[in-house]
Amino acid sequence: MRWEPLLIILLLAGLTGLFILATHYRKHWLTWLVWGYLTSLGAILFTPLAFTGTAVYIIGPGPGQVNLTHLDMLNLGFFENIIMTIPLGILLKWIWPKLSLWRLLELGGLAGTFFETTQYILSQHWLINRSSDINDVISNTLGVIVGGMAVALYYRLTALHHRKPLTN
């Protein structure tokens, strides 16, 4: 059944949502925002649903394709993948503020590799027809770095603002 990954994602999201409702986190809008982002990310990456800027459509069944050699970094899909993982970089740097950008680069590479490997496995098992692409690994890594750098810049500007002496 091609829809089992989506059902698993929705089940996990539902259980997590119930946990959030049952705890003191339910009033934190940021908790719900992260929950929504991670649920959406799972649906975008690991189901036979495809999202474009204007439409959602169902991908036909198949084992997917693998691209490990052809680099194509000047297309819309590459930039969409960067934008998709910027919030992940923000989240990682926010949770661990002392995380170096080098470590963030490693985590971004691991995240991209995990996404593409999981897509390959799910495509082979459930025929969700998702491609596994080296360009996606690179763009996911870049997105995590951009998000982490944005938080690092925010922290730096906030620290500079608080150190500035007040003059009248």
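Anything mentioned here points back to the structure above.
Only a predicted model underlies this, so the values are computations on that prediction, with no experimental measurement involved. (Residues numbered from 1 in each chain as written. Predicted model: local features only at pLDDT ≥ 70, side-chain atom pairs only at ≥ 80, totals over all residues. Heavy atoms only, no water.)

### Structural notes on a nonpolar patch on the surface
- On the surface, L11, L15, L18 and L21 cluster together to form a nonpolar patch covering roughly 410 Å² of accessible area.
- Judged by relative accessible area, which is 49%, L15 ranks as partly exposed. (Patch = residues over 30% accessible without salt bridge, like charges linked within 9 Å, V, L, I, M, F, W, Y side chains within 5 Å. Areas by Shrake-Rupley, 256 points an atom, 1.4 Å probe, with all protein chains shown as cover. Salt bridge = Lys/Arg side-chain N within 4 Å of Asp/Glu carboxyl O. Buried < 20%, exposed > 50% of the residue type's maximum accessible area, 1.4 Å probe, protein only.)

### Thoughts on the nonpolar core
- Within the largest apolar cluster, 17 residues are counted, with the highest numbers of intra-cluster contacts made by L41, L45, F46, L88, L92, L104 and F115.
- When residues of this core are traced back to their parent elements, those giving at least two are α2 (29-46), α3 (76-95), α4 (101-126) and α5 (134-163).
- Broken down by element, this core gets its largest block of residues, five residues, from α4.
- The residues touching L104, leaving out its near neighbours within four places in the chain, are G89, L92, L99, V144, I145 and G148. (Core = buried A, V, L, I, M, F, W, Y, C linked by side-chain atoms within 4.5 Å. Helix = DSSP H or I, 4+ residues; strand = E, 2+ residues; numbered from the N terminus. Contact = heavy atoms within 4.5 Å.)

### What to know about the environment of E80
- For E80, the location among the structural elements is in helix α3.
- In this structure E80 comes out as partly exposed when scored by relative accessible area, which is 37%.
- With 56 residues separating them along the chain, E80 and D136 place their C-alpha atoms 9.7 Å apart.

### Topic: the packing of aromatic side chains
- Tallying each qualifying case throughout the model produces six aromatic pairs.
- Look at W32 and W35: their rings are 5.4 Å apart centre to centre, the planes differ by 85 degrees, and that puts the pair in the edge-to-face class. Separated by three residues within a single helix, W32 and W35 lie in helix α2, roughly one turn from each other.
- Judged by its relative accessible area of 28%, W35 is partly exposed.
- Between F78 and F79 the ring centres are 5.8 Å apart and the planes differ by 90 degrees, which places this aromatic pair in the edge-to-face class.
- We classify F79 as partly exposed; its relative accessible area is 42%.
- Here the aromatic cluster, defined as three or more aromatic residues joined through ring pairs, consists of F46, F114 and F115. (Phe/Tyr/Trp six-rings, centres within 6.5 Å; stacked < 30°, edge-to-face > 60°.)

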